[in-house]
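Residue strings, one per chain:
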Amino acid sequence: MREKDLQKLEFNKIKERLIGYANSPATVEKIKNLKPFTEEERIREEIELMKAYWEVADGIPLFEFQDIRELVKRAKLEGAVLSVEESLSILRVLELIRELKRFLSPHVNQLKPLQKIYKNLTVLSPLENLIRSSVDPRGFVRDEASDELLRVRKTIRSIETEIRKRLESLVNRPEAGKFLADRIITIRNGRYVIPVKTSHVKKIFGIVHGTSSSGYTTYVEPQFVIHLNNKLTELKQKEEEEVRKVLQKITEYIGDYAKEISEGFKACVLVDFLNCKYKFGKEINGTFPEFGNWVELYDVKHPILLEVKDDVVPIDIILKDKKGLILTGPNTGGKTVALKTLGLSVLMFQSGIPLPLKEGSKLPVFKKVFADIGDEQSIEQSLSTFSAHVKNIAEFIKESDENTLVLIDELGAGTDPIEGSALGIGILEYLKEKKAWVFVTTHHTPIKLYATSSDYYTPASVLFDRETLRPLYRIAYNTVGESLAFYIAKKYGIPEEVIEIAKKHVGEFGEKYIKAMEKLSDYVKKYEEEHRKIEELRKELEREKEELEKLKREYEEAKRKGWKEAYKEAREFLRKLAQESEEVLKKSREKKEVKQFIEEKKKEIEKIAPPKKEIKRGDTVLFMGRKGKVLDVRGNQAYVVTDRLRMWVDVKDLEKVEEENKETQQPTLPKETPVLEKNTINLVGKDAETAIRELEKFIEEAYVSGLKVVRIIHGIGSGKLKNAVREFLSKNDKVKFFRDAYPKEGGAGVTVAYLKNE
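Values in this document were obtained by computation on a predicted structure and should not be read as measured data.

A. Fine view of the overall build of the protein. When its secondary structure is counted, the protein shows 22 helices and 25 strands. The buried share of the protein, taken over its 758 residues, is 42%. Sequence separation of at least 24 residues holds for 67% of the intrachain contacts in the protein that already meet a minimum separation of 6. In the form shown here, the protein has an accessible surface area of approximately 43,800 Å², with 51% of it arising from carbon and sulfur atoms.

B. Summary view of the environment of Ile97. Among the structural elements, Ile97 can be located in helix α6 (residues 84–104). With 35 residues separating them in the primary sequence, Ile97 and Leu62 have C-alpha atoms 9.8 Å apart.

C. Focus on the sheet that holds strand β19 (residues 637–641). Strand order in the open sheet formed by five strands is β20-β19-β18-β17-β21, and the pairing between neighbours is antiparallel. Looking at which strands have only one partner, the edges of the open sheet turn out to be β20 (646–650) and β21 (655–656). In this structure, strand β18 (residues 626–634) lies alongside β19, joined through five bridges in antiparallel fashion. By the bridge assignment, Val630 is partnered in β19 with Val640. On top of the sheet, helix α21 (residues 688–704) reaches β19 and β20; it is set at about 65° to β20, its chief contact.

D. Highlighting the packing of aromatic side chains. Tallied over the full model, the rule gives 10 aromatic pairs. Residues Phe65 and Phe265 carry aromatic rings whose centres are separated by 6.0 Å and whose planes lie at 85° to one another, so their mutual orientation is edge-to-face. In this pair, Phe65 is assigned in the loop between α4 (40–56) and α5 (69–75) and Phe265 in helix α11 (residues 258–283), connecting sequence segments 200 residues apart. Here Phe65 falls in the buried class, since its relative accessible area comes to 2%. Note on Tyr450 and Tyr457: the rings are 6.0 Å apart at their centroids and 50° apart in plane angle, and the pair reads as tilted. A relative accessible area of 13% places Tyr450 in the buried class. Following the ring pairs from residue to residue traces out a cluster consisting of Tyr53, Trp54 and Tyr278.

E. Main features of the side chain of Ser146. Positionally, Ser146 belongs in the loop between β2 (140–141) and α9 (147–171). Polar side-chain contacts of Ser146 include one of 3.0 Å to the backbone nitrogen of Leu149. When residues no more than four places from it in sequence are discounted, the contact partners of Ser146 are Glu242 and Val246.

F. How the structure looks around the sheet that holds strand β4 (residues 191–197). With respect to topology, four strands assemble into an open sheet ordered β3-β4-β6-β5, the strand pairing being antiparallel. In this open sheet, the two edge strands, each paired with only one partner strand, are β3 (186–188) and β5 (206–211). Across the sheet, the mean angle separating the axes of adjacent strands is 50° when strand polarity is ignored. Strands β4 and β6 (217–222) of the sheet are contacted by α9, whose axis makes an angle of about 10° with β4. Its contacts with the sheet put helix α10 (residues 226–256) on β4, β5 and β6, and the angle it makes with β4 is roughly 140°.

G. Region of the structure containing the pairing of strand β13 (residues 404–408). Counting buried positions along β13 gives five out of five residues, so the element sits mostly inside the fold. Burial along β13 is two-sided: the face carrying Thr404, Val406 and Ile408 and the face carrying Leu405 and Leu407 are both buried. Where strand β12 (residues 368–372) lies against β13, five bridges are found, and the strand directions are parallel. Within β13, the residue paired with Lys368 across the bridge is Thr404. In terms of strand pairing, β13 meets strand β14 (residues 437–441) through four bridges, oriented parallel.

Here is what the cut-offs are and how they apply
Residues numbered from 1 in each chain as written. Predicted model: local features only at pLDDT ≥ 70, side-chain atom pairs only at ≥ 80, totals over all residues. Heavy atoms only, no water. Helix = DSSP H or I, 4+ residues; strand = E, 2+ residues; numbered from the N terminus. Buried < 20%, exposed > 50% of the residue type's maximum accessible area, 1.4 Å probe, protein only. Contact = heavy atoms within 4.5 Å. Areas by Shrake-Rupley, 256 points an atom, 1.4 Å probe, with all protein chains shown as cover. Pairing = 2+ DSSP bridges. Axes fitted to C-alpha atoms, helices over the stretch in contact; angles between N-to-C directions. Phe/Tyr/Trp six-rings, centres within 6.5 Å; stacked < 30°, edge-to-face > 60°. Polar contact = N/O pair within 3.5 Å; in protein donor to acceptor, adjacent residues only side chain to side chain.

Here it is, written out as structure tokens:
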């Protein structure tokens, strides 16, 4: 992809935002060199890695670290010696490698993409310990780095103490104030000296090491410390040699582990890079679109605008079924922002950077992205705005193909409107032949009209509030936008006579345009209405799906708990049985004793088993704590009626009871099973509890009557009654399944239920 296109789409600003989160100069360099990938497999890898990192990012142990690549290369050279600061930079990276390895270890098996990072993190504890024990974090080699260095430094400190002691005996004499400029001991050229008044310098026998800038003070090394200063100089040189040996040893170790350190450093930079994208993604509430064959961006926002505005309006950018989009509408309506939003979204998606959009959005992979946006005027090349635009378009139009996204802002602008429109249509036709993906904005009426009859380009317009003259920043598809020039002119006080004269000069294209606008306006109204209905149905289906999933989870949980309790009871019974049987078997010597034991256990089980009573028509039974009457028995099923319910239930779930008082008034029961004349019940206007009671009775009677399909009218309203009906049907064992009625059956206000009658 061309650098100029990335700049025009403001990809550099996204990279600047990422750089703001970086912990290392190497990460900054990686971000600066970032360009969108063009291979789908590589993009998938980047996104999967980013998604995996997202799961663990909150606790990642990251801190600032230097770019050590050149240091590692130098450490491999024979005789090379890294400085104390450079060794500490290596140590910091080694510590980061260790921390990242520890942190990622529990996650790599579940988050496979992280293995790409984890496998390159080699913990080098011996090297860490060597540097840590040899170099102090404050920036010097420790005394304990070697035995010889420790001995030399002890000697140095001893001699320094002796020199100071001798010089202090001089400067502290009562008469010293006569010839000393100050009663202090200082160092010049690495040697201990005292400041003497230049006028009295001959009174101190020794070596002069210079004077002050004023000439008032001369620095003298007294004769009695010269031999000690000489010894100190020799020891300082010896100290430097020992420090060099320590650092050389560290450097050699670093060179030996250069491969592991380099791989670990790259892994650290990659983690830091992912962390930059994660922090940016969190800030913009970003996510990733899916891979698709069409452009479907829902509720997408321009990420740069999010930085400067709190009320960025999300838009839908759709290129579906047609690969071209021609966006029209008044100035300041958001056309250019929409164009840039698509381009920048593509670049971010193909770079593995999260986008501010709604889940379910989709994008294809583009090999090339070309943009012609903004003022292309070039003073250096003596090019006008129009010429510069044409030059830029000419550079990329021939390279466009079916995997190219072309973005052109204000197509045909900057020259005569008629010629500009004709040229614009020519460019659109050429890109159509190339099968490129195209998104252009324009003000030219001929191009708008061209879009309305094109089989390749979808016309669309940005919406505008006529009353406030403010853009709504939304896109209406399959319509063309008005420039609103006449309307705005009238709004701001241009005389009506002027506007009427202007309308007469619109010409033939104007008449066609007005007719097209009226036709498309009607289409948009119908489309918006249908879209609203579909959206309501979609939301309703989502709610029903969630409810079904919830019921399924509750059912599975209840089943699990039921089996758990049953298993627990059975296991306890078997434990006791085994224990008792062992005792019997230990004592028994004859088989008859075992047989007797088994018979006794059978009797115990019989005692706790419920008495078996035959259920027949006319019996009074208990079901779920309520008394009822058995109207019919078919095999293992009995049709029972209580004071509130009528239903078919399993015979085993019924308990036969004797009537306490035969004179007690019993509910009046039909002599024959009722047969429904209609398969429809109307519950509209009833509260949920009343409706469900009536529906329960209706389903039971419909089932007994042998009906296979019934209709329940509940209306749409708030959806509360409908949800109650759906919940009841999903739990009723007489219902096979249910669905929304088709439009001819009543639509969303009616549910059709299929009963289990064969």
